[in-house]
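One-letter residues, chain by chain:
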Amino acid sequence: MDGRKKDLDIKKGELDVITSETEKEEQDLQKKADKSEPQIEERLLVAYKRLRKNAVNGLAVVTIDRDSCSGCFNQIPPQRQLDIRQRKKIIVCEHCGRILVDEALTQEVAEAI
Ligand SMILES: [Zn+2]
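So, how was this worked out
Residues numbered from 1 in each chain as written. Predicted model: local features only at pLDDT ≥ 70, side-chain atom pairs only at ≥ 80, totals over all residues. Heavy atoms only, no water. Donors = N, O, S within 2.8 Å, 3.2 Å for Na, K, Ca; no water. Tetrahedral: all angles 85-135°; square planar, octahedral: opposite > 155°, others 65-115°. Helix = DSSP H or I, 4+ residues; strand = E, 2+ residues; numbered from the N terminus. Buried < 20%, exposed > 50% of the residue type's maximum accessible area, 1.4 Å probe, protein only. Contact = heavy atoms within 4.5 Å.

Taken together, Cys69 (SG), Cys72 (SG), Cys93 (SG) and Cys96 (SG) make up the protein donors of the zinc ion, found 2.3 Å from the metal. Considering all four donor atoms around the zinc ion, the spread of angles at the metal, 106 to 113°, places the coordination shape in the tetrahedral class. Sequence spacing of the donor residues for the zinc ion, all on one chain, is C-x2-C-x20-C-x2-C. Of this pair, Cys69 sits in strand S2 (residues 68–69) while Cys96 sits in the loop between strand S3 (91–92) and strand S4 (99–101); the two residues are 27 residues apart in sequence, bridging distant segments of the chain. Assessed through its relative accessible area of 0%, Cys69 is described here as buried.

On to the side chain of Ser68, then. Within the secondary structure, Ser68 sits in strand S2. Take Ser68: its relative accessible area is 13%, and that puts it in the buried class. Among all residues touching Ser68, those that are not within four sequence positions of it are Thr63, Phe73, Asn74, Gln75 and Ile76.

Interpretation note: all reported values are geometric properties and have no functional meaning in isolation.
Listed below in structure tokens is the structure:
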């Protein structure tokens, strides 16, 4: 019993560290989001926020993963995938309405911020 309690205390300590790290990361990301918002068209921002609120996993922007939407896992037709990769306009998943982007774009954005 004592051993178990000690284990639990250690695990709790580890969890506290992880929680505080995650909190800091979340605050940093929120700051970046607040700074970016004024540069985004109002109409798009409203659509984005509505998506985030309604999406089961909270993700409004998702990538193509194995020819499918990584939000709802429905298949994306090849022509649509091509349109997404061309990045000429915003394309949403016809099943869940999430905004679709290609994998390379998420990497470019991650490197830019
Ligand atoms: Zn989808």
